[in-house]
Amino acid sequence: PRHRDDIGTVHQAVRIEHEHRFVASAPSPDEVADIAGFAVFVGFPAAVISETIGALHQLNYLDDESFARRWATSLAANKLWGNKKIIFSLREKGIDAALIERVLQAARQDISEEEAIETLIRKKTAGKKADFMDNKEKRRIFQSLLGRGFPAGLILRKLGEAGQGDFDDDEG
């Protein structure tokens, strides 16, 4: 009767919610390999695992390009990482080089490495006049930006511009 219909609707809503969460947090290629390895470890037959992964790919639940694009864009725009560090991160996730190049170009449409460096320099020198940075302060900022994966030459150029006031200190 009515109670069974309500339970069916609730189950369907829960299943749909789980599907949406899974798509929103789709695993990277290396995470899929880890999951498959665990499934073998707990006793699932390899044929079942392979068929399941194939079905998930067909349903676009496992889409390397979508994952890589979201990951690269997040690292470039939110974490303000340089290309070298983004490339390294994507390689760690099992993304191939050609795909990395494509998604990195797309991610850099939102914010270039130059813009990211300028933003970070502004944040690190907030409240100070950039042209009064001493060498110790410049070295500290240089090392920080280098650690974020930016090329040394670009960092030095932007630090020189900041020291000369060539980009304004407004955040907006």
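Before reading on, note that the structure itself is shown above.
Residues numbered from 1 in each chain as written. Predicted model: local features only at pLDDT ≥ 70, side-chain atom pairs only at ≥ 80, totals over all residues. Heavy atoms only, no water.

Draft legend 1. Quick look at a nonpolar patch on the surface. On the surface, a cluster of nonpolar side chains totalling about 560 Å² of accessible area is made up of Phe38, Phe41, Val42, Phe44 and Val48. Of note, Val42 is situated in the loop between α2 (29-41) and α3 (46-58). For Val42, a relative accessible area of 45% gives the class partly exposed. (Patch = residues over 30% accessible without salt bridge, like charges linked within 9 Å, V, L, I, M, F, W, Y side chains within 5 Å. Areas by Shrake-Rupley, 256 points an atom, 1.4 Å probe, with all protein chains shown as cover. Salt bridge = Lys/Arg side-chain N within 4 Å of Asp/Glu carboxyl O. Helix = DSSP H or I, 4+ residues; strand = E, 2+ residues; numbered from the N terminus. Buried < 20%, exposed > 50% of the residue type's maximum accessible area, 1.4 Å probe, protein only.)

Draft legend 2. Here's a closer look at the pattern of salt bridges. Per the counting criterion, the structure on display carries 9 salt bridges. In this structure, the salt-bridge partner of Glu161 is Lys158, at a minimum N-O distance of 2.9 Å. Taken together, the residues Glu161 and Lys158, both in helix α9 (residues 152-164) and 3 residues apart, mark about one turn of the helix. Grouping residues by exposure puts Glu161 and Lys158 together as buried.

Draft legend 3. View of helix α5 (residues 83-92). Asn83, Ile86, Ser89 and Leu90 are the residues of α5 that are buried. Buried residues of α5, seen end-on, are gathered within an arc of 125 degrees and therefore sit on one face of the element. For α5, the exposed residues set more than 90 degrees away from the buried face come down to Lys84, Phe88, Arg91 and Glu92. Each element contacted by the buried residues of α5 is listed here: α4 (64-77), α6 (97-107) and α7 (113-124). Just downstream of α5, Gly94 is the residue with a positive phi angle, here 90 degrees. (Arc of directions from axis to C-beta. Contact = heavy atoms within 4.5 Å.)

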